[in-house]
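As a plain string of letters, each chain reads:
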Amino acid sequence: MKKNFALFCLLIASLSFAQQTDYVDFLKLETALSFEPDSSKISGSVALKFKILKDVDSVFVDAKNMNFTFELDDHDRVKFKYDGNKLWLLSHYKAGEEYDVFFKYSAQPKKALYFFKRKNNWQIWTQGQGKYTSNWLPSFDDVNEKVEFDLSIAFKPSYEILSNGKMDSEMTIFDPDMRIVKFDMKKPMSSYLVALAIGKYNEKTETSKSGIPLEYYYYPEDSLKIEQTYRYSKQMFDFLEEEIGYAYPWQNYKQVPVHDFLYAGMENTSLTIFSDAFVVDSIGFNDKNYVNVNAHELAHQWFGNLVTAKSGEHHWLQEGFATYYASLAERDIFGDDHFYFKLLESAIELGKQDLSGSGTSLLNPESSSLTFYQRGAWVLHALRTKVGDKVFRQAVKNYLEKYQFDNVETSDFIKEVERVYGRSLSSFVNLWIKQKAFPVDNAFDILQQQSTYINEFLMVDCFAKSSKCAEYLKYYVSDEAKAKIISQVPELVTAETFNNGLKVRQAISQHVRQIPKSLKDDYETLLDDKSYITIENALYNLWSSFPEDRAKYLFKTRNVVGFSDKNVRLLWIVLNLSTPFYEADNKQALFSELLSYTGEEHNADLRMNAFRYLKMIKSCNEECMAKLENAKSHHNWRLVKFAKELSEELAKNKG
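Residues numbered from 1 in each chain as written. Predicted model: local features only at pLDDT ≥ 70, side-chain atom pairs only at ≥ 80, totals over all residues. Heavy atoms only, no water.

Novice: Can you tell me about the overall build of the chain, naming the residues and giving the values?
Specialist: Across its full length, the chain holds 24 helices and 22 strands. Its C-alpha atoms give the chain a radius of gyration of 28 Å, near enough to 26 Å, the size a compact globule of 655 residues would have. Taken along the three principal axes of its C-alpha coordinates, the chain extends 90 × 70 × 50 Å. Every one of the 655 residues in the chain was classed for burial, and the buried ones make up 54%. Only carbon and sulfur atoms are counted for the fraction: they give 50% of the accessible area of the chain, which is about 29500 Å². Computed over 80 positive and 90 negative side-chain charges, the inter-centroid distance for the chain is 2 Å. (Helix = DSSP H or I, 4+ residues; strand = E, 2+ residues; numbered from the N terminus. Rg over C-alpha atoms; globule rule 2.2 N^0.38 Å. Buried < 20%, exposed > 50% of the residue type's maximum accessible area, 1.4 Å probe, protein only. Areas by Shrake-Rupley, 256 points an atom, 1.4 Å probe, with all protein chains shown as cover. Lys, Arg positive; Asp, Glu negative; His and termini not counted. Charge placed at Lys NZ, Arg CZ, Asp CG, Glu CD.)

Structure follows, in structure tokens:
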């Protein structure tokens, strides 16, 4: 037995020097899944088909902390070994032959598959970004292994069940409280893009110009927020298909919001999962909407899902492309000025990153998200500027066609551009991609050559030309330029400044905090703006500046809730508690409401805001501390980090 185990370890060591994709091609993985939500368990049966490329004695499947059952017939020439991380399939495999293996498994994943109750109903969803899918599904951590995944999922009939691909069939079995939905994928993808979502949802559908079904899911109680949440979805889909020049590569496209998602969104193949914080009403849309995230995750269906980077060194081929094409989609909606202003903002942030010493080459796998996303997008804009629209678009189309359902490196893309352009791009690559510092001066030159709007914005600088800034506020310059003036010299705001648009009025609420009596009446009109950010800021600033009118301001905003994190409502409660004799009989009920928002049934952002306010008013009692301790075991890393830091701070203050 010891000898066999030693040989097995030696075999694993020898295989570690070669990529598994060199000697085996996994073709298809079919799995039937069921769940035990109360215990956060998943069970499944797997049928795996693969083809051997070179003679070899073993292949493996990544599988973290799973229990396996193997049912082998005489004709199955495979033995199994499991080491807690990989399931090894041992045999005398011959090049050119195909094999089928079958097994069952169960797991209680610590990450990548999440179970929780929302309003007494279960919600289950996955997030496999990177190499985490193998925590809930035997799969492949190597992004270069692309497989056709077909999932069959069993759950209660009253729930919506979603996964990659097209719903192939659904049935009820002998158990009337169980429904099975089978999904079919026609093409291969990397394992990190396999996904499922189960919950109480309603559905709205559209069809793209090219005939692709578009499915938008929402909570039943959010029926009045569908239009605002998914606004411009079809327009962006149609735009990207035309702009990219390569037809959408999958059978359909679904989008579903989930509770306490780890990020803004995730581009699972044909099934984008996104944070329900982006489910907004008509006012919230003006402050924080899903448009950019929507376009970004959609662009990934081509850049990342269809064509996937071979390694982290080339991660920008996914995030940079998705960021750039999302910006192009927004340009189609909001216009050139919006597009160039976003590029300017990202160039400024990239420049600041370099000044802080955190800048890296775009090919550094340890680069920041800012580098991968925004510098990557800038590379594409600068490249398009250099080679021209026609060459750029043809090269992108050629790149996608050549490497469809495959993996790439940066040089693969550059070679396609060079081939169409007819010239070397080595100098461009050295400056924009390989160089550690972002070429911020070159970026500014491009913007100033392409946009008079950006030239105007850069011209308006009150630190350098303060004598002209009062005049700038009076005459026609962009709202962004006026907001910049207000941020630099807030004392220049006059009653006339309030006659501007939403962005300027929002800037007033953010930067004019001590309100002169001469502006009181104008400032009070900010409480009527279609912006929860403006209302929140204005309420606090008015309450602070005019104590004699606090009751008036609280009465006016008593029914405003704000975003899903209840930003206005929480502030209102704290201001009420801090206003003596105002609704005095209701103080305890309001404190109880504030405390209740720290509970695990609420979203992470709301809980963190509630904790912050309780700390601020020095009222984090034993119940608050218990809920803070509970937050440390949450699946959302931001909430966990926040809870640990706040606990330490409160303990230190108490000591």
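Novice: I'd like a rundown of the state of the cysteines, residues and numbers included.
Specialist: Any covalent bond linking the sulfur atoms of two cysteines counts as a disulfide. Under the definition given, this model contains two disulfides. In this model C462 forms its disulfide with C469; the gap between the sulfur atoms is 2.0 Å. Across the S-S bond of C462 and C469 the torsion is about -120 degrees, and the bridge reads as left-handed. The same class applies to C462 as to C469, namely buried. Here C620 engages in a disulfide with C624; their sulfurs sit 1.9 Å apart. On the S-S bond that ties C620 to C624, the torsion sits near -85 degrees, and the link is left-handed. Since its relative accessible area comes to 18%, C620 is described here as buried. Here the chain pairs its bonded cysteines, counted in sequence order, in the arrangement 1-2, 3-4. (Disulfide = S-S within 2.5 Å.)

Novice: Report on the packing of helix α7 (residues 336–355) against helix α13 (residues 452–459), specifying residues and quantitative values.
Specialist: Running from N to C, α7 and α13 cross one another at 50 degrees; their axes reach a closest spacing of 9 Å. With respect to each other, α7 and α13 are oriented oblique. The chirality of how α7 crosses α13 is right-handed. Between α7 and α13, the contacting residues are D337, Y340, F341 and L344 on the first element and Y453, I454, F457 and L458 on the second. Residues of the contact of α7 with α13, tallied by class, amount to seven nonpolar, no polar and one charged. (Axes fitted to C-alpha atoms, helices over the stretch in contact; angles between N-to-C directions. Parallel < 35°, antiparallel > 145°, perpendicular 65-115°, else oblique. Left-handed = near helix turned anticlockwise from the far one by under 90°. Contact = heavy atoms within 4.5 Å. Nonpolar A, V, L, I, M, F, W, Y, C, P; charged D, E, K, R; others polar.)

Novice: Tell me about the confidence of the model for the chain, residues and numbers included.
Specialist: Scored by pLDDT, the chain has a mean of 94; 95% of the residues are at 70 or more. The low-confidence segment residues 13–17, where pLDDT is below 50, has four contacts with residues more than four positions distant or belonging to other chains. (pLDDT = per-residue confidence, 0-100.)

Novice: Can you break down the environment of P257 residue by residue, with the values?
Specialist: On the secondary structure map, P257 appears in strand β18 (residues 253–258). Spatially, the C-alpha atoms of P257 and E313 are 31 Å apart, while their sequence positions differ by 56 residues. The residues touching P257, leaving out its near neighbours within four places in the chain, are Q123, Y201, Y217, Y218, Y219, Y230, F274, D276 and V279.

Novice: Tell me what's going on with the sheet that holds strand β20 (residues 271–275), and back it up with residues and numbers.
Specialist: With mixed pairing, five strands are arranged side by side in an open sheet as β16-β17-β18-β20-β19. In this open sheet, the two edge strands, each paired with only one partner strand, are β16 (202–207) and β19 (265–266). Two elements, β18 and β20, share five bridges in a ladder whose sense is parallel. Each residue of the ladder has a partner; that of V256, found in β20, is I273. Here helix α3 (residues 233–244) sits on the sheet and contacts β16, β17 (213–218) and β18; the angle it forms with β17, its principal contact strand, is near 145 degrees. (Pairing = 2+ DSSP bridges.)

Novice: Requested: an account of the pattern of salt bridges, with residues and values cited.
Specialist: Following the criterion strictly, the structure yields 30 salt bridges and no others. D100 is paired through a salt bridge with K49; the nearest N and O atoms lie 3.1 Å apart. Residue D100 is found in strand β7 (residues 98–107), and its partner K49 is found in strand β2 (residues 41–52); the two are separated by 51 residues along the sequence. Salt-bridge contacts for K64 lead to D141; the nearest nitrogen and oxygen are separated by 2.7 Å. Of this pair, K64 sits in the loop between β3 (56–62) and β4 (66–69) while D141 sits in the loop between β9 (121–126) and β10 (146–155), and the two are 77 residues apart along the sequence. (Salt bridge = Lys/Arg side-chain N within 4 Å of Asp/Glu carboxyl O.)

Novice: How would you explain empty space enclosed by the protein if you had to name every residue and give the values?
Specialist: Counting across every chain of the model gives two cavities of 30 Å³ or more. A volume near 40 Å³ is recorded for the largest cavity. As for the largest cavity, its lining consists of 13 residues, and the residues nearest its centre are G130, F140, D141, S191 and Y192. Estimated volume of the second largest cavity: approximately 30 Å³. In terms of lining, the second largest cavity is formed by L214, Y216, S233, K234, F237, Y253, Q255, N294 and L298. The dominant element in the lining of the second largest cavity, judged by the number of residues it contributes, is α3, at three residues. Classifying every residue of the lining of the second largest cavity by side-chain character gives five nonpolar, three polar and one charged. (1 Å grid on protein atoms, 1.4 Å probe; cavity = no way out; pocket = protein on both sides within 12 Å on 5 of 7 lines; lining within 4 Å. Points joined across faces, edges and corners; volume = space filled by probe spheres on them.)

Novice: Tell me about α13, residues and numbers included.
Specialist: Those residues of α13 that fall on the buried side of the exposure criterion are Y453, I454, E456 and F457. Viewed end-on, α13 has its buried residues packed into an arc of 160 degrees, placing them on one side of the element. With a side-chain oxygen positioned 3.3 Å from the backbone nitrogen of Y453, the residue opening α13 is S451. (Arc of directions from axis to C-beta. Polar contact = N/O pair within 3.5 Å; in protein donor to acceptor, adjacent residues only side chain to side chain.)

Novice: Could you give an account of the packing of helix α16 (residues 502–511) against helix α18 (residues 532–545), naming the residues involved and the relevant values?
Specialist: Contact geometry of α16 with α18 gives a least axis separation of 8 Å together with a crossing angle of 35 degrees. Of the two possible hands of crossing, α16 and α18 adopt the one that is left-handed. Each of R505, Q506, S509 and Q510 in α16 lies in contact with α18, whose residues at this interface are I533, T534, N537, A538 and N541. Residue composition of the contact of α16 with α18, by class: two nonpolar, six polar and one charged.

Novice: An account of the side chain of S190 is requested, with residue identities and associated values reported.
Specialist: Relative to the assigned elements, S190 resides in strand β14 (residues 189–190). Accessibility expressed as a relative area gives 0% for S190, which makes it buried. Ignoring sequence-local partners within four residues, the contact set of S190 consists of V143, E145, K146 and T308.

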